[in-house]
Amino acid sequence: ALLYHEYLFEFQRAYQARRSQVGIKPADLSRKGDLAECAVTAGEYDEALRLASAILDEKAANLEQRFVARIVSTMVLLARHEHGSAQLEVGRLISDYRATRADWDRTWMFAGSRRYVSQSPDFAAIDRELLDLMFTAMEQNRPKSDDAVNEIEKLVTSNRFRDLR
């Protein structure tokens, strides 16, 4: 599934492969996060949002899983042009990020999501800009991720973003 999603950009095949993997280990939160991301890029927005919400409700979810779930939720909300709700979700991500003093292992790749966002008509230019910053923040170690989070905050509080609500 990783090959299909992150390198070949065959989003439907990646989605089907991830669904099979989650079926084998339904309690695995990392696999659910992978499936949620694949669901977005396959256009399965309702399922992506459901999976992301389930991860966020799970007390056992680690930082990376929670951050990815927030990004998936934000992607869906932006694709649906629900910018007010997306702004709240981004605020939660920023708050969670800033409450986290330690760095964490960054193993997530967003090449497939970046590609999807860049090509999907569901996203406006400002959505693409915001999501690219979010992907960067989750892929980079501190202090680079701190810089990206500061840029995210500036963007979602700017008049450009507020005018979309």
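Quick caveat: nothing in here was measured; it's all calculated off a predicted structure.

S.K.: Give a description of the environment of Arg13 that names residues and reports values.
M.R.: Residue position: Arg13 is located in helix α2 (residues 11-24). Taking the C-alpha atoms as reference, Arg13 lies 7.3 Å from Ala1; in sequence the two are 12 residues apart.

S.K.: Let's hear about the packing of aromatic side chains: which residues, and what values?
M.R.: For the structure shown, the criterion picks out five aromatic pairs. Arranged with centres 6.3 Å apart and planes meeting at 50°, the rings of Phe67 and Tyr97 form a pair that is tilted. You can see Phe67 sitting in helix α5 (residues 63-79) and its partner Tyr97 sitting in helix α6 (residues 83-99), a full 30 residues away along the chain. Accessibility expressed as a relative area gives 2% for Tyr97, which makes it buried. Centroid distance Phe110 to Phe135: 4.8 Å. Interplanar angle 15°. Geometry classified as stacked. Note that Phe110 is positioned in the loop between α6 and α7 (111-119) and Phe135 in helix α8 (residues 125-139), a separation of 25 residues in sequence. Since its relative accessible area comes to 1%, Phe110 is described here as buried. Judged by relative accessible area, which is 1%, Phe135 ranks as buried. Feature note: the residues Phe9, Phe11, Tyr116 and Phe123 constitute an aromatic cluster, connected by ring pairs.

S.K.: So, α8: which residues are in play, and what are the values?
M.R.: In this model, α8 (15 residues) spans 21 Å end to end at C-alpha, consistent with the 21 Å of a helix rising 1.5 Å per residue. By the burial criterion, the buried members of α8 are Ile126, Asp127, Leu130, Leu131, Leu133, Met134, Phe135, Ala137 and Met138. Where the residues of α8 are buried, they touch α5, α6, α7, α9 (144-156) and α10 (159-162).

S.K.: If you had to explain the confidence of the model for the protein chain to someone new, which residues and values would you point to?
M.R.: Of all residues in the protein chain, 96% attain a pLDDT of 70 or more, and the chain-wide mean is 90. Taken element by element, the predicted model of the protein chain shows its lowest mean pLDDT in α10 (80) and its highest in helix α4 (residues 45-57) (96).

S.K.: Can you lay out the pattern of salt bridges for me, pointing to particular residues and giving the numbers?
M.R.: Tallied over the full model, the rule gives 13 salt bridges. Note that Asp28 and Arg31 form a salt bridge whose closest N and O atoms lie 3.5 Å from each other. Asp28 gets classed as partly exposed once you look at its relative accessible area, which sits at 24%. Between Glu139 and Arg114 there is a salt bridge whose closest N-O contact spans 2.8 Å. Within this pair, whereas Glu139 is found in helix α8, its partner Arg114 is found in helix α7, the two being separated by 25 residues in sequence.

Cut-offs and rules
Residues numbered from 1 in each chain as written. Predicted model: local features only at pLDDT ≥ 70, side-chain atom pairs only at ≥ 80, totals over all residues. Heavy atoms only, no water. Helix = DSSP H or I, 4+ residues; strand = E, 2+ residues; numbered from the N terminus. Phe/Tyr/Trp six-rings, centres within 6.5 Å; stacked < 30°, edge-to-face > 60°. Buried < 20%, exposed > 50% of the residue type's maximum accessible area, 1.4 Å probe, protein only. Expected span 1.5 Å × (residues − 1). Contact = heavy atoms within 4.5 Å. pLDDT = per-residue confidence, 0-100. Salt bridge = Lys/Arg side-chain N within 4 Å of Asp/Glu carboxyl O.

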